[in-house]
Amino acid sequence: MSPILAAYEAIVGSSVVTHLRRLGEKLSGLRVVHVNSTREGGGVAEILEWMAPLMRNVGVDASWEVIQGNTRFFEITKAIHNGLQGKAVDLPKKDWRIYQDVNEENVQRLRPLLEEADIVFIHDPQPAHLLKLCPNRKGKWVWRAHIDISRPFRPVWKVLRTIVDKFDASIFSMAEFAQPLPHPQFLVPPSIDPLSEKNRELDPAELESVRSEFGIDPERPLLVQISRFDRFKDPIGVIQACRLVRKVIPVQLVLAGGGAADDPEGKAVLEDVMEAAEGAPDIHVILLPSGAHKTINALQRAADIVLQKSTREGFGLTVTEGLWKGKPVIGGDVGGIRLQVTNYHTGFLVNTPEGAAHRIRYLLHHRERMKEIGEIGREFVRENFLLSRHLRDYLALMLALRSGRGERILFV
Amino acid sequence: MTPFEVKDCALLIRMSGLPPAMNLRELRDRIASCGENVLYHHFCETTLRPTFDDPDYRNDFAVWSKLYLGDRVLAERLGILDPYSMGGTEELRAATLEIIDDRLGELTMVPWVRPGDEFLFKEATTVVFDTGERIHAPKELAPAIRRMTNGSVYYHFLEALRRPPVGKDDFSSWILEEGEKYSPYLVSLGSIDIQFHSLDHLRKELVRALMQSGGET
């Protein structure tokens, strides 16, 4: 079901919603197209799932298109993704050719829509080559990079840069993720949808049902890390941290995540994680089907502490989700986690399994502190990281792009 | 009395294009040459930026000096700078450079940061729009402010200080249309120390101050 803006009034306030409508009126009828590479799985699809309908809800003529590709294409784009996040990957010219070919196949279907649009948002590298294939484009094209490309594997970035530097503008989640490009680089942190299945309030029976399903003991502390099975999320490090804590506190751990349609590497990582968890009945490794949003929601709400011990990370929406549910978060000292987690304020930043174990023990021994941290985190999310702020940023960006002016104050 | 037009704003932040600063000397040189919008952003627009932190200082240079350069002396000196009390951005720039130059003169080595902790220079466009809401009398200000978004509070109370009449927030300017009739409101608004509030706290402080002066609850 498409989200409706009015439904958010109870959470963000009526002024916020009214003002979004006012901004939307200024863009009434503007044709906007979002393009990415998967309809489900991963943070980008989750954002687009609400963003396109809510843009339409405020008067923008927005649509969401997904490019289709075969397994080889997604293996290549996963390698590009990893390369942009700094991993040394081998991407010969023939792989880049396949990348271009798949974009060419897709443009046959998308070209009329894209060339007529007033603004096109291309999300991540997978569909970026579409720009070159739409020479008669009328509108502004914006490349939305959702990942941290601050320290890319240079051979990958050198090729991709020649593709994305033709865009009219780009958007990064944080200044720390950006690369110098010859066009304006805007900064828009992502957000979560408080009314989605993954974030809405759940009643106790729903929590209990999920605990029973996975054999979680409600009497003992629970640590939860929700993320794709990806080496950059360091699931093995989380298991090591859990084993260190279990020497003194009988904690349970849930490592749960789905496979995204554009992530073929996940299976191998999952096998390694299963092996690392072998012989520990209180470590639950759960491969969730796509769309298991309510299960994720329940696991995060059932947790005492939410973990996100990544070694590289984009913004880290699972951190935002954990904070929204009033949980302290122990996260890797990287990427967007650094923006969201402040020591003793919203959780703790750690660099090693030992560090994570230390902070888990600290929190479990300071329950009052845990509660305070949880309350602070929830209010920060309400103020800054819900979809209302995100939508407002995009509306402001579109107004600025349409005006074509870069002055400090823009009256619309 | 002309009705008060409530505006709201969204901050659209972008990279300035300046190279990052890896050490205090580079920070000094970039501050010396950056555009006014860059300086303004790092001193004045920080409260409107999405954040999970409630830092000790409201300007980014002081926060960076404390957290990443590890120079608490410099952070304290920069942190007390009040951009709204300066005659303009150039005066603010000169004051900032003076503090950094003094500090560089005191130190035996230039403090630096590890890769990943560089100071990144940004600037922003404030997109301002009319909310359609109107306030008809000063006594209605407190309840109206209570309902305002952070963007409205920022635009009318902080950003206004840089617009003519410089140094005067929009609420005070509006109340002054009636001369001295509502002077208690003006005294209350003038008593708020804007340096130490997040926008959420500032909203509460404005409501509290106006109610004490006779505004509606």
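Here we summarise the structure given alongside this text. Because the structure is predicted, anything quoted here is derived from the model rather than measured.

Here we take up the interface of chain A and chain B. Contact with chain A, which involves 42 residues of that partner, is made by 41 residues of chain B. Each partner contributes to the roughly 3,400 Å² buried at the junction of chain A and chain B, and carbon and sulfur atoms together form 60% of this total. Inspection of the region where chain A meets chain B yields four salt bridges. For the salt bridge of E159(B) with R408(A), the shortest nitrogen-to-oxygen distance reads 3.0 Å. Across the chain A-chain B interface, the total number found is 15 residue pairs in polar contact (both at pLDDT 80 or more). In terms of residue count, helix α15 (residues 387-403) of chain A provides more of the side of chain A that touches chain B than any other element does, seven residues in total. For the side of chain A that touches chain B, the residue count by class is 20 nonpolar, 11 polar and 11 charged. Where strand β6 (residues 185-187) of chain A and strand β1 (residues 4-15) of chain B come together, two bridges link them in antiparallel fashion. Within the sheet, the bridge partner assigned to F186(A) lies in β1(B) and is R14(B).

Take the nonpolar core next. In this structure, W143(A) and L27(B) are the most contacted members of the largest nonpolar core, which totals 112 residues. Residues L30(A), L54(A), L387(A) and A400(A) belong to the second largest nonpolar core, which totals 73 residues.

Residue and element names in this part refer to chain A. The strand order β9-β8-β7-β10-β11-β12 describes an open sheet built from six strands, whose pairing is parallel. Every interior strand has two partners, whereas the edge strands, β9 (283-288) and β12 (347-350), have only one. Adjacent strand axes in the sheet meet at a mean angle of 20 degrees, parallel and antiparallel pairs treated alike. Both strand β7 (residues 222-226) and strand β10 (residues 305-308) contribute to a ladder of two bridges, which runs parallel.

Before going further, it helps to examine the sheet that holds strand β2 (residues 61-66) of chain A. Reading across the sheet, the nine strands line up as β2(A)-β1(A)-β3(A)-β4(A)-β5(A)-β6(A)-β1(B)-β2(B)-β13(A) and stay open at both edges, with mixed pairing between neighbours. Looking at strand neighbours, the two that pair on one side only are β2 and β13 (409-411) of chain A, the edges of this open sheet. When the angles between neighbouring strand axes are averaged without regard to direction, this sheet yields 30 degrees. With four bridges connecting them, strand β4 (residues 140-145) of chain A and strand β5 (residues 169-172) of chain A associate as parallel partners. If you follow R144(A) over to β5(A), its bridge partner there is I171(A). Running at roughly 105 degrees to strand β2 (residues 122-135) of chain B, helix α2 (residues 14-25) of chain A makes contact with β1 and β2 of chain B of the sheet. Its contacts with the sheet put α15(A) on β1 (31-36), β3 (119-123), β4, β5, β6 and β13 of chain A together with β1 and β2 of chain B, and the angle it makes with β1(B) is roughly 85 degrees.

Let's shift gears to the packing of aromatic side chains. Remark: the centre distance and the inter-plane angle together describe each pair of aromatic rings, the angle taken between the planes. Summed over all chains, the structure comprises 18 aromatic pairs over all chains. Measuring from centroid to centroid gives 4.8 Å for Y344(A) and F348(A), while their planes differ by 80 degrees, and the two rings are edge-to-face. Aromatic pair F61(B) and F119(B): ring centres 5.0 Å apart, planes at 25 degrees, arrangement stacked. Taken together, the residues span a long stretch of sequence, with F61(B) in helix α3 (residues 60-69) and F119(B) in the loop between α5 (89-106) and β2 at a distance of 58 residues. F61(B) sits in the buried class, given a relative accessible area of 0%. Within the aromatic cluster, the residues linked to one another by ring pairs are F43(B), F61(B), W64(B), F119(B) and F121(B). Above the face of the W324(A) ring, R378(A) is positioned so that its terminal group lies 3.9 Å from the ring centre. Directly above the ring of Y40(B) sits R408(A), whose terminal nitrogen or CZ lies 3.9 Å from the centroid.

Along the chain, the position of D8(B) falls in strand β1. Each C-alpha atom, one on D8(B) and one on V153(B), is 8.0 Å from the other, the two residues being 145 residues apart in sequence. Beyond its immediate sequence surroundings of up to four residues, D8(B) is in contact with H19(A), V127(B), V128(B), F129(B), T131(B), T149(B), G151(B) and S152(B). At 2.6 Å, the side chain of D8(B) and the side chain of H19(A) are in polar contact. A polar contact is formed between the side chain of D8(B) and the backbone nitrogen of S152(B), at a distance of 3.2 Å.

Time to look at helix α13 (residues 353-365) of chain A. Residues and elements named next belong to chain A. For α13, which comprises 13 residues, the first-to-last C-alpha distance of 18 Å matches the rise-based estimate of 18 Å (1.5 Å per residue) to within 8%. Those residues of α13 that fall on the buried side of the exposure criterion are P353, A356, A357, R359, I360, Y362, L363 and L364. Here the buried face of α13 lies against β7, α8 (235-246), β10, β11 (329-332), β12 and α14 (367-384).

Once that is clear, we can look at the pairing of β7(A). All names here are of chain A. In terms of burial, β7 is largely enclosed, as five of its five residues are buried. A two-sided burial pattern is seen for β7, the buried positions comprising L222, V224 and I226 on one face and L223 and Q225 on the other. Pairing of β7 with strand β8 (residues 252-258) involves five bridges; the strand directions are parallel. Paired with I226 across the two strands is A256, which belongs to β8.

What counts and what doesn't
- Residues numbered from 1 in each chain as written.
- Chains lettered and ligands numbered in written order.
- Predicted model: local features only at pLDDT ≥ 70, side-chain atom pairs only at ≥ 80, totals over all residues.
- Heavy atoms only, no water.
- Contact = heavy atoms within 4.5 Å.
- Buried area = accessible area lost by both parts, 1.4 Å probe.
- Salt bridge = Lys/Arg side-chain N within 4 Å of Asp/Glu carboxyl O.
- Polar contact = N/O pair within 3.5 Å; in protein donor to acceptor, adjacent residues only side chain to side chain.
- Helix = DSSP H or I, 4+ residues; strand = E, 2+ residues; numbered from the N terminus.
- Nonpolar A, V, L, I, M, F, W, Y, C, P; charged D, E, K, R; others polar.
- Pairing = 2+ DSSP bridges.
- Core = buried A, V, L, I, M, F, W, Y, C linked by side-chain atoms within 4.5 Å.
- Buried < 20%, exposed > 50% of the residue type's maximum accessible area, 1.4 Å probe, protein only.
- Axes fitted to C-alpha atoms, helices over the stretch in contact; angles between N-to-C directions.
- Phe/Tyr/Trp six-rings, centres within 6.5 Å; stacked < 30°, edge-to-face > 60°.
- Lys NZ or Arg CZ within 6 Å of the ring centre and 35° of its normal.
- Expected span 1.5 Å × (residues − 1).

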